[in-house]
There are 2 protein chains.
Amino acid sequence: MSTPTRPILDIAARRPHRADARRNFDAVLAAAREAFAAHGTDASLEDIARRANVGIGTLYRNFPTRQDLLEAVYAGEVQELCLGAQAVAELEPWEAFTTWVDSFARYVPTKLALLQALNKDSEIFRACKSAMLASALPIFERAQQAGALRPDVELDDVLRMISGMIGSTYADDAQRQRVLGIALDGLRAR
Amino acid sequence: MSTPTRPILDIAARRPHRADARRNFDAVLAAAREAFAAHGTDASLEDIARRANVGIGTLYRNFPTRQDLLEAVYAGEVQELCLGAQAVAELEPWEAFTTWVDSFARYVPTKLALLQALNKDSEIFRACKSAMLASALPIFERAQQAGALRPDVELDDVLRMISGMIGSTYADDAQRQRVLGIALDGLRAR
DNA sequence: CTTGAAGTGGAGGATAGCCTCCAGTAGAGT
DNA sequence: ACTCTACTGGAGGCTATCCTCCACTTCAAG
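Predicted model, so just to flag it, every value in this text is computed and none were measured.

## So, unusual backbone geometry
All names here are of chain A. Here the phi dihedral of Asn53 falls at roughly 55°; this positive angle occurs in a residue that is not glycine. With respect to the helices, strands and loops of the structure, Asn53 is situated in the loop between helix H3 (45-51) and helix H4 (56-62). We classify Asn53 as exposed; its relative accessible area is 71%.

## What to know about the protein's contact with DNA strand C
Neighbouring DNA strand C are 20 residues; Arg18(A), Asn24(A), Arg61(A), Glu46(B) and Arg66(B) lie closest to it. Near-protein atoms of DNA strand C (within 4 Å) split between backbone and bases, with sugar and phosphate holding 60%. At a separation of 3.1 Å, a phosphate oxygen of DNA strand C approaches a polar backbone atom of Gly55(A). Within the backbone of Leu45(B), one N or O atom sits 3.0 Å away from a phosphate oxygen of DNA strand C. Of all the secondary-structure elements, those providing two or more residues to the surface near DNA strand C are helix H2 (19-39) and H4 of chain A together with helix H2 (19-39), helix H3 (45-51) and helix H4 (56-62) of chain B. A total of four residues in the surface near DNA strand C trace back to one element, the largest contributor, which is H4(A). Each residue belonging to the surface near DNA strand C can be placed in one class, and the counts come to eight nonpolar, six polar and six charged.

## Section: the relation of the copies chain A and chain B
Least-squares fitting of chain A to chain B yields an RMSD of 0.1 Å, with the superposition described by an axial translation of 0.1 Å and a rotation of 179°. Expressed as a symmetry operation, the mapping of one chain copy onto the other fits a two-fold axis. Among all residues of chain A, the minimum C-alpha distance to the rotation axis is found for Gly186(A), at 1.8 Å. Mapped onto chain B, 100% of the interface residues of chain A are again interface residues, and the two copies thus contact each other with one and the same surface.

## Focus: the packing of helix H7 (residues 123-145) of chain A against helix H8 (residues 155-167) of chain A
Residues and elements named next belong to chain A. Two elements in contact, H7 and H8, have axes whose closest approach is 10 Å; the angle formed by their N-to-C orientations is 110°. For the element pair H7 / H8, the angle class is roughly perpendicular. Residues Lys129, Met132, Leu133, Ala136, Leu137 and Phe140 of H7 pack against Leu155, Asp156, Val158, Leu159 and Arg160 of H8. Taken together, the residues that form the contact of H7 with H8 break down as eight nonpolar, no polar and three charged.

## Describing the packing of helix H5 (residues 66-86) of chain A against H7(A)
Residue and element names in this part refer to chain A. Orientation of H5 relative to H7, taken along the N-to-C sense of each, is 10°, at an axis distance of 9 Å. Relative to H7, the element H5 lies roughly parallel. Contact with H5, carried on its side by Glu71, Tyr74, Ala75, Val78, Leu81, Cys82 and Ala85, involves Ile124, Phe125, Cys128, Ala131, Met132, Ser135 and Ile139 of H7 and no other residues of that element. Of the residues contributing to the contact of H5 with H7, the split by class is 12 nonpolar, one polar and one charged.

## Overview of the UniProt feature "DNA-binding region" (unreviewed entry) in chain A
The sites that UniProt annotates as "DNA-binding region" (unreviewed entry) are residues 44-63 of chain A. Annotated as residues 44-63 of chain A, this span is 70% helix and 0% strand, and its ends, taken at the C-alpha atoms, are 14 Å apart.

## Here we look at the interface of chain A and chain B
If you look at the interface, chain A gives 26 residues, while chain B gives 26 residues. Across the interface of chain A and chain B, roughly 2,200 Å² is buried in total on both sides, 50% from carbon and sulfur atoms. Contact with chain B buries surface across chain A, with Asp157(A), Arg160(A) and Ile182(A) losing the most and accounting together for 27% of the total. Between the two partners, chain A and chain B, sit six salt bridges. As a salt-bridge pair, Glu154(A) and Arg178(B) come within 3.5 Å of each other at their nearest N and O atoms. Broken down by secondary-structure element, the contributors of at least two residues to the side of chain A that touches chain B are H8 and helix H9 (173-187) of chain A. Counting residues per element, the side of chain A that touches chain B draws most heavily on H9(A), at eight residues.

Rules of the game
- Residues numbered from 1 in each chain as written.
- Chains lettered and ligands numbered in written order.
- Predicted model: local features only at pLDDT ≥ 70, side-chain atom pairs only at ≥ 80, totals over all residues.
- Heavy atoms only, no water.
- Helix = DSSP H or I, 4+ residues; strand = E, 2+ residues; numbered from the N terminus.
- Buried < 20%, exposed > 50% of the residue type's maximum accessible area, 1.4 Å probe, protein only.
- Near = heavy atom within 4 Å.
- Polar contact = N/O pair within 3.5 Å; in protein donor to acceptor, adjacent residues only side chain to side chain.
- Nonpolar A, V, L, I, M, F, W, Y, C, P; charged D, E, K, R; others polar.
- Least-squares fit on C-alpha atoms with pLDDT ≥ 70 in both.
- Contact = heavy atoms within 4.5 Å.
- Axes fitted to C-alpha atoms, helices over the stretch in contact; angles between N-to-C directions.
- Parallel < 35°, antiparallel > 145°, perpendicular 65-115°, else oblique.
- UniProt positions renumbered as here; feature names shortened; annotations may be inferred.
- Buried area = accessible area lost by both parts, 1.4 Å probe.
- Salt bridge = Lys/Arg side-chain N within 4 Å of Asp/Glu carboxyl O.

Written out as structure tokens, the structure is:
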């Protein structure tokens, strides 16, 4: 079992060589992840630096633009999701699919802001997207070939539908779950 | 045929009495509507004033806080939607429902930002929401009673599902339409 | 231990948006 | 035509964030 998912884009390459610098790099990334999740893509960079116990200058050296930081955070999160896709390999086709959709649904809310911010013209964005598609495609196709999933749908449709639906606000988790169920019913072959 | 839908909340009451003042009031509202749609809820108020050919002071007199302006814009748009709900009264139950969903879907994208911004604790928000629910409920119930719409779903579920899905970004309108179709299939009784 | 290159952090200038305030303008009742 | 008052607009003070710059610190190779 050789490295199952390698870094989507060379974030590792950017990581400084010196130990202390590397700690700072990681701290900034972690703080940014939280900040973006909590306050959206315009979270204050100075605030992020502060929470990472790092000077603003350090943040800027590692991530010269806000976009750079966004991309780094995003790539990291996508990678986690891809790993999750491997965990459902042993389930029944339809169950594997719904399970994956579920994990995707849990993943989306935090990343929604990132998605929008990157939509524009980022190269890393495309790389992440295709990595994610590639990891999900087997699950999707298996469900389709087993006749459980309607054949006139594309994976991309599903992703967009789910990510939109989930991003919406709901009264409670029960409602969110019920709505997700409706969507899955719509996806089921008949 | 007496006033079919009266103002949701007394925006009219806030309108100044003097002719020029009223023009300005309306211009600000129109500019704000565009600006919020284009740049989200944090659109610059100074920019809005500029586009309305109005001093920033005028904007502030009419709408002392950003929230006030958001509410006014939102109320106006909801009212339009409610009017649309009356147009489908003569269609078959299921068709009326899908048609209404469609109009709702066209309405949502612009208003999404507003929705989120108001979610918090606005009184006007609740008023708008219930006005919209009230206008959509007959259509919804008719479809359900006709056995076309699954009975284990609430109107609120549909609204949230649709508004989320539609808010998502799509490759093109065809995809948006296809995804909407899937959702409607999920909603159909079987 | 020494040394220099890599890395640090925050002071400070620049910009942008928020909101107040008030001298001036112009509608509408008489 | 006159006046009174509602209404105007934008200058200016305030704050928040962005980002640059460089004197200082610290790691790690020899």
